[in-house]
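Chain by chain, the residues:
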Amino acid sequence: MFKRFRRLRINPVLRDLLTETKLSTDDFIYPLFIKDVEGSFKKEIDSMPGVFQLSTDEATKECDELKSLGLNSIILFGIPKVKDSIGSDALCEHGIISKAIREIKKAHPDMFVISDLCFCEYTDHGHCGILDNKIESVNNDATLEILGKQALIHAKAGVDMIAPSGMMDGMIESLRATLDKNGYENLPIMSYSTKFASAYYGPFRDVAESSPSFGDRRSYQMNPANRDEAILESLEDEKEGADILMVKPALAYLDIIRDIKNSSKLPLAVYNVSGEYSMLKVAGKAGVIDYDRVMMETLLAFKRAGADIIITYHAKEAAKILKEVK
Ligand code: PBG
Ligand code: ZN
């Protein structure tokens, strides 16, 4: 006797009743790129259609649209006027992200504003911290110190959550201690806990103007081949006090998302990165795929794999589709 699975697939209402995983606009965080320029500015990025560099006033306007779509959380990336060896713009109260946090929170107190904490957008060499000539890479412990400063600047500006993305060891322990010592014990940390050295970040580096001027990030970001290490990295951040863990990129790492979901009870975010977004855009435009359906299937796969939160450039398009369905 075989089982008739199709019995439960024939009626559409029954299919809905039995759907195990459902996407919601509450699942999404939308990335915004804030450029430090005079006056209003909005520039679309060639490699990421639909994604813009924005001035702070344009970013504030963008939040109106996001809220009307039911999207209430954003993550901010900054593009400063001036870059230098230590990323000073990120360490100054008048730096671009600090300004953006203040302006956005003033206009939209109910928008949940997350800041990406790193230095690659602010350094002239494009690496994620202070360089150490001896190892021709980023100096871990010196970078921890300036990360603490950057965190306090964002905290003072009124950010709702920080998201350190630099893959420095001890990053979470040191940030948690700095925040607590300064009265920010209620500010949550979403760690980019398992972040791979990925070619999928290509288009992001166009929009964030953050390509390394030499070498690559393989001496601090993870080797895509390593599954055990991927779990260890996230468990370590849990131990150090992270509130939310993350896997990045998402699409080629669904196994890792599930592994970490099974290994930790902390909430798990995934970052559906720039290259993943652009691939669908290009294929959709070429008429090779049904863009909307492939997008929704992809986002659903992240959630099914174990993601509680999805950081995605598709958030607005997906929200529009989810609205129609209701
Ligand atoms: C910076 C950072 C990167 C991304 C998010 N934060 C780029 C990198 O590590 O090179 C990538 C996001 C994307 O590709 O959409 N540390
Ligand atoms: Zn970085």
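Residues numbered from 1 in each chain as written. Chains lettered and ligands numbered in written order. Predicted model: local features only at pLDDT ≥ 70, side-chain atom pairs only at ≥ 80, totals over all residues. Heavy atoms only, no water.

**Student:** Please clarify how the overall build of the protein should be interpreted in this entry.
**Tutor:** What the protein contains, in helices and strands, is eleven helices and twelve strands. Relative to a compact globule of 326 residues, whose C-alpha radius of gyration would be 20 Å, the protein shows 20 Å and is just as compact. For the protein, with 326 residues in total, the buried portion stands at 54%. For the protein, contacts bridging at least 24 residues in sequence account for 74% of all contacts bridging at least 6. As displayed, the protein offers around 15200 Å² of accessible surface, 52% of which is attributable to carbon and sulfur atoms. (Helix = DSSP H or I, 4+ residues; strand = E, 2+ residues; numbered from the N terminus. Rg over C-alpha atoms; globule rule 2.2 N^0.38 Å. Buried < 20%, exposed > 50% of the residue type's maximum accessible area, 1.4 Å probe, protein only. Contact = heavy atoms within 4.5 Å. Areas by Shrake-Rupley, 256 points an atom, 1.4 Å probe, with all protein chains shown as cover.)

**Student:** How do you make sense of helix 11 (residues 315-325) when you look at a structure like this?
**Tutor:** Of all the positions in helix 11, only Ala315, Lys316, Ala318, Ala319, Ile321 and Leu322 are classed as buried. Considering only its buried residues, helix 11 is in contact with strand 1 (28-35), helix 2 (56-68), helix 10 (291-305) and strand 12 (309-312).

**Student:** Would you mind going over the site of ligand 1 with me for this structure?
**Tutor:** Taken together, 16 residues surround ligand 1, and among them Lys195, Arg205, Lys248, Ser274 and Tyr313 come closest. Interatomic distance of 2.6 Å between a side-chain N/O atom of arginine 205 and an oxygen atom of ligand 1. Within the side chain of arginine 217, a nitrogen or oxygen atom sits 3.0 Å from an oxygen atom of ligand 1. Protein chains bury 100% of the 400 Å² of accessible surface belonging to ligand 1 in isolation. In terms of residue class, the shell around ligand 1 is built from eight nonpolar, three polar and five charged. (Near = heavy atom within 4 Å. Polar contact = N/O pair within 3.5 Å; in protein donor to acceptor, adjacent residues only side chain to side chain. Nonpolar A, V, L, I, M, F, W, Y, C, P; charged D, E, K, R; others polar.)

**Student:** How do you make sense of the environment of glutamate 317 when you look at a structure like this?
**Tutor:** Looking at where glutamate 317 falls in the secondary structure, it is placed in helix 11. Spatially, the C-alpha atom of glutamate 317 lies 9.7 Å from that of glycine 50, the residues being 267 residues apart in sequence. Beyond its immediate stretch of four places on either side in the chain, glutamate 317 contacts Tyr277, Lys281, Tyr291 and Met295. Side chain to side chain, glutamate 317 and tyrosine 291 meet in a polar contact 2.6 Å long.

**Student:** Just to check I follow, could you spell out the pattern of salt bridges for this structure?
**Tutor:** Where charged atoms of side chains with opposite charge meet at close range, the side chains can pair. Under the criterion given, the structure shown has 18 salt bridges. Arginine 227 serves as the salt-bridge partner of aspartate 259, at 2.5 Å between the closest nitrogen and oxygen. With aspartate 259 in helix 8 (residues 254-263) and arginine 227 in helix 7 (residues 227-240), this residue pair connects regions lying 32 residues apart in the sequence. Assessed through its relative accessible area of 43%, arginine 227 is described here as partly exposed. Through salt bridges that share partners, Glu62, Glu65 and Lys316 make up one connected network. (Salt bridge = Lys/Arg side-chain N within 4 Å of Asp/Glu carboxyl O.)

**Student:** Sorry, what's going on with helix 4 (residues 140-157) here?
**Tutor:** Side chains that are three or four residues apart share a direction in an α-helix, a result of its 3.6 residues per turn. Given a rise of 1.5 Å per residue, 18 residues ought to cover 26 Å, and the 26 Å separating the end C-alpha atoms of helix 4 matches this to within 8%. Inspection of helix 4 places Thr143, Leu144, Ile146, Leu147, Gly148, Gln150, Ala151, Leu152, Ile153, His154, Ala155 and Ala157 among the buried residues, and these make up the whole buried set. Where the residues of helix 4 are buried, they touch helix 3 (96-107), strand 5 (112-117), strand 7 (137-138), strand 8 (161-164) and helix 5 (171-181). Regarding helix 4, its N-cap is asparagine 139, as a side-chain oxygen of that residue lies 3.2 Å from the backbone nitrogen of aspartate 141 further along. Directly after helix 4, the chain includes glycine 158, whose backbone phi takes a positive value near 105°. (Expected span 1.5 Å × (residues − 1).)

**Student:** Can you help me understand the pairing of strand 4 (residues 73-79) in this one?
**Tutor:** Here is the key point about a regular strand: its side chains alternate between the two faces of the sheet. In terms of residue burial, strand 4 counts as a mostly covered element, since seven of its seven residues are buried. The two faces of strand 4 match: Ser73, Ile75, Phe77 and Ile79 on one face and Ile74, Leu76 and Gly78 on the other face are all buried. Taken together, the six bridges between strand 1 and strand 4 define a ladder with parallel strand orientation. When the sheet's bridge partners are listed, isoleucine 34 is paired in strand 4 with glycine 78. Relative to strand 5, strand 4 runs parallel, the two sharing four bridges. Across the sheet, residue isoleucine 74 finds its bridge partner in strand 5, namely valine 113. (Pairing = 2+ DSSP bridges.)

So, to be careful, I would describe these as geometric facts and stop short of saying anything about function.
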